[in-house]
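# Survey of secondary and tertiary structure
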Amino acid sequence: MTARRSPWMTEDLDQLRSLARTFFAKEAVPHQERWAERKQVDREFWTKAGELGLLCLSVPEEYGGGGGTFAHEAVLLEEQARSGDSAWGGSVHNGIVAHYLLAYGSEEQKHEWLPKLASGEHVGAIAMSEPGAGSDLQGITTRARRDGDGYVLSGSKTFISNGAQADLVIVAAKTDPEKGAAGISLLVVEAARAEGFRRGRVLDKLGLKGQDTSELFFDDVRLPASALLGGEGQGFVQLMRQLPQERLVIAVSSVAGIEAALELTLDYVKQRSAFGRELIKFQNTRFTLAECATEARVARAFVDECVGLHLRGELDVPTAAMAKWWSTERLCRVVDECVQLFGGYGYMTEYPIARAWADARVQKIYGGTNEIMKEIIARSL
Ligand SMILES: Cc1cc2nc3c(=O)[nH]c(=O)nc-3n(C[C@H](O)[C@H](O)[C@H](O)COP(=O)(O)OP(=O)(O)OC[C@H]3O[C@@H](n4cnc5c(N)ncnc54)[C@H](O)[C@@H]3O)c2cc1C
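Residues numbered from 1 in each chain as written. Predicted model: local features only at pLDDT ≥ 70, side-chain atom pairs only at ≥ 80, totals over all residues.

The name that an unreviewed UniProt entry assigns to the protein is Acyl-CoA dehydrogenase domain protein, with the source organism given as Actinosynnema mirum. In its Sequence similarities (unreviewed entry) section, UniProt records this for the protein: "Belongs to the acyl-CoA dehydrogenase family." Per UniProt, the comment on the protein under Cofactor (unreviewed entry) is "FAD". (UniProt positions renumbered as here; feature names shortened; annotations may be inferred.)

The subject of this paragraph is the UniProt feature "domain: Acyl-CoA dehydrogenase/oxidase N-terminal" (unreviewed entry) in the protein. According to UniProt, the feature "domain: Acyl-CoA dehydrogenase/oxidase N-terminal" (unreviewed entry) maps to residues 10-121 in the numbering used here. End C-alpha atoms of residues 10-121 are separated by 30 Å, and the span's content is 67% helix alongside 0% strand. (Helix = DSSP H or I, 4+ residues; strand = E, 2+ residues; numbered from the N terminus.)

Moving on: the domain arrangement of the protein. Reports of interface size often rely on the accessible area that becomes lost once the parts have come together. Domain boundaries in the protein define domain 1 (11-122), domain 2 (125-231) and domain 3 (237-379). Between the C-alpha centres of domain 2 and domain 3 there is a distance of 31 Å. Contact with domain 2, which involves 9 residues of that partner, is made by 8 residues of domain 3. (Domains from an automatic or database assignment. Contact = placed C-beta atoms within 7 Å.)

Now for the packing of helix α4 (residues 70-83) against helix α5 (residues 90-104). Two elements in contact, α4 and α5, have axes whose closest approach is 11 Å; the angle formed by their N-to-C orientations is 165°. When the interaxial angle is binned, α4 and α5 end up roughly antiparallel. For the element pair α4 and α5, the recorded crossing hand is left-handed. Contact residues: E73, L76, L77 and Q80 in α4; G90, S91, N94 and G95 in α5. Among the residues forming the contact of α4 with α5, the class breakdown is 2 nonpolar, 5 polar and 1 charged. (Axes fitted to C-alpha atoms, helices over the stretch in contact; angles between N-to-C directions. Parallel < 35°, antiparallel > 145°, perpendicular 65-115°, else oblique. Left-handed = near helix turned anticlockwise from the far one by under 90°. Nonpolar A, V, L, I, M, F, W, Y, C, P; charged D, E, K, R; others polar.)

Positioned with a positive phi, F159 is a non-glycine residue whose angle comes to about 60°. Turning to its location among the elements, F159 is positioned in strand β3 (residues 150-161). Residue classification places F159 among the buried residues on the basis of 20 C-beta atoms within 10 Å. Here D220, not a glycine, exhibits a phi torsion of approximately 50°, which is positive. (Buried ≥ 20, exposed ≤ 12 C-beta atoms within 10 Å, placed from the backbone.)

The next subject is the UniProt feature "domain: Acyl-CoA oxidase/dehydrogenase middle" (unreviewed entry) in the protein. Per the UniProt record, "domain: Acyl-CoA oxidase/dehydrogenase middle" (unreviewed entry) is annotated on residues 125-221. As annotated, residues 125-221 has a helix share of 0% and a strand share of 51%, and its two end C-alpha atoms lie 17 Å apart.

This part is about the site of the ligand. For the ligand, the set of nearby residues contains 21 residues, the closest of which are M128, G134, S135, T369 and E371. Only β1 (124-127), β3 and α11 (370-379) provide two or more residues apiece to the shell around the ligand. Residue composition of the shell around the ligand, by class: 11 nonpolar, 7 polar and 3 charged. Residue assignment places the shell around the ligand across two domains, with domain 2 (125-231) and domain 3 (237-379) each supplying three or more. (Near = placed C-beta within 6 Å.)

Our next topic: helix α3 (residues 43-51). Those residues of α3 that sit buried are F45, W46, A49 and G50. Viewed end-on, α3 has its buried residues packed into an arc of 140°, placing them on one side of the element. Every exposed residue of α3 that faces more than 90 degrees away from the buried side is listed here: R43, E44 and E51. If you follow the buried residues of α3, they end up packed against α1 (11-27), α5 and α6 (107-119). At the C-terminal side of α3, G53 shows a positive phi close to 80°. (Arc of directions from axis to C-beta.)

The next point concerns the packing of helix α9 (residues 317-342) against α11. A pair of packed helices can be characterised by two numbers: the angle between their axes and the separation between those axes. Between α9 and α11, the shortest axis-to-axis distance is 9 Å and the interhelical angle comes to 145°. Like other packed secondary-structure pairs, α9 and α11 cross with a definite hand, here left-handed. Contact with α9, carried on its side by V317, P318, A321, M322, K324, W325, T328 and E329, involves N370, M373, K374, I376 and I377 of α11 and no other residues of that element. For the contact of α9 with α11, the class distribution of residues is 8 nonpolar, 2 polar and 3 charged.

This is the structure we're talking about:
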């Protein structure tokens, strides 16, 4: 056994795990190749997830959610990673977009949007990054100009997960360009009602082939005052407050990804032979896997601790940054070792380990690059 039961697991979560496992095996795994060609999942996948109650698991029931906690989200993330599906952008929709609405939306906004996200009627995206600004969000140039009692939004965003399918996009824009970070606000764009909103290319990526990552354009999009999330100029602080959860989402997926890679590789080295014996019998294979299994155990222990802290509302920004950089670095290292043990087959994209290798790389880049994680940690020392 490579994976251990997390201390935060409960019987209720076991049932959810079993439901999620069956769901990904039946509804996601068989479609990976087709989704990779289309560069996006089927739209119905979202509504199927919604029908089973697998969307917005940690949103209160009064807003249509599952009434669970972050532990419920973690189980879903783990099962997706273990299934080998890297196409569905559920982590952004559930773990990020819904929680921005929950944390900063008015009662009216929450009742309007959260039930639609929970049913899959709406797909959610969050648009911060721009062609000229990623790590340095203060440098964004998308502008939301006051116009009567509403706003006019202009600018462009890139690398937006779920961008091609999104019905609801939370956009970071400058409402007061003179004020730097204090001039950033968050506005909710409903795609169907936003004249001047355009989607650009669904981008070609090294990995996450089936995941929709897109360019978005806002050409003088007129928005009502009710599009503003929280107060004007609050955007930067709002983003910072959500960062621990966003980073924990990546860390949880990464640990599950490490464990999945290890299991795939253990199976392989037990059945593949060279020089008259199974690969597992070579000391190099055994030592490599011993190291990987140890790294998996250490990563799980730390990320489990972070999940526990987050469930108690005690996960701070530097600790979440530690979890993000550490787990994603380990993921890339372990998956790379695993590819080596598969030999040439490890380089063939029909083998899940090859896809896992390509999918892993971005984890060190998005959600704040690992260099930015180290900056955050260093500042806290
Ligand atoms: C598949 C994918 C999905 C994504 N999804 C989303 C999404 O849904 N929404 C969204 O808003 N964005 C999304 N992003 C964007 C992602 O968050 C950014 O790519 C990331 O934050 C880095 O920004 P950048 O690409 O502009 O790189 P840059 O900021 O230009 O960084 C380039 C390099 O410089 C380094 N660097 C920058 N500043 C410093 C510093 N102060 N100290 C040390 N090194 C530094 C970086 O670490 C990096 O190595 C996604 C990206 C990808 C690839």
